[in-house]
Each structure stands twice: as structure tokens, then as C-alpha cells.
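Architecture and fold: a report
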Amino acid sequence: MQVDVEEMRCGASLSYGAAWLADEAASVLSRSTVAAGLFGAFPAARHFGATLQRAHRAQVALLRSHESQLNSVGDKAHTAAIAFVNMERRNAQALHSAL
């Protein structure tokens, strides 16, 4: 089995970058608000505004979740890369000591 550790590390770095972008997007989006009454004072406009506010909050939460998951993927990729490097070293030492 051949494992490209550098590719794993590159993937981890890309995942961390995507997590950073998700965090930035969540931060920017969370600083904005949907003003009450933005669409008018009649019932349908208030309902639409409330629906938009809920969607806004849900999108911020989803971006925060993506940030967390992408950081986790990056961590796991780095951990796996380290494990493969360490395993390769142990296997090489075992092979040399057996010869």
C-alpha cells in the first residue's frame, strides 16, 4: 500500500483554509441583521421578515458547523499523515533489525 503523506497534509491544509473561510462568512453574516418591518407592516411582510430572520440565523449556525467539521477533517488528515510516517519508520527499523 502506498500513501502520499504530503498529499494528506496538503488536503489538511486545504480543509483548514475552507474552515477559515466558513468562519469568516459566518462572522460577516452574523454581523448583519434583517430589520424588523423591512418588508412592510402588513401580516405577510412581517411573516416573510420573520422567516428570513430564521433562515439568517440557521445559515450562520450552518456555517459554524461547517467550520467545525472542516477543522476536524484537517486534524484527522494531519493525524493520519503522522501515523503513516511513524508506522513507516517503525517498519523500516524492524526490517533493518531483522536483517
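Model, not experiment: these values are computed from the prediction.

Thresholds, definitions, all that
- Residues numbered from 1 in each chain as written.
- Predicted model: local features only at pLDDT ≥ 70, side-chain atom pairs only at ≥ 80, totals over all residues.
- Heavy atoms only, no water.
- Axes fitted to C-alpha atoms, helices over the stretch in contact; angles between N-to-C directions.
- Helix = DSSP H or I, 4+ residues; strand = E, 2+ residues; numbered from the N terminus.
- Parallel < 35°, antiparallel > 145°, perpendicular 65-115°, else oblique.
- Left-handed = near helix turned anticlockwise from the far one by under 90°.
- Nonpolar A, V, L, I, M, F, W, Y, C, P; charged D, E, K, R; others polar.
- Phe/Tyr/Trp six-rings, centres within 6.5 Å; stacked < 30°, edge-to-face > 60°.
- Buried < 20%, exposed > 50% of the residue type's maximum accessible area, 1.4 Å probe, protein only.

Structural notes on the packing of helix H1 (residues 5–31) against helix H2 (residues 43–98)
- Their axes nearest at 8 Å, the elements H1 and H2 cross at an angle of 160°. Between H1 and H2, the angle falls in the class roughly antiparallel. H1 and H2 meet at a crossing whose hand is left-handed.
- When grouped by side-chain class, the residues that make up the contact of H1 with H2 number 19 nonpolar, nine polar and five charged.

Considering the packing of aromatic side chains
- A full pass over the atoms with the stated rule returns one aromatic pair.
- Aromatic pair Phe 39 and Phe 48: ring centres 4.8 Å apart, planes at 80°, arrangement edge-to-face.
- Relative accessible area serves as the criterion here: at 35%, Phe 39 is assigned to the partly exposed category.
- Residue classification places Phe 48 among the partly exposed positions, given a relative accessible area of 44%.

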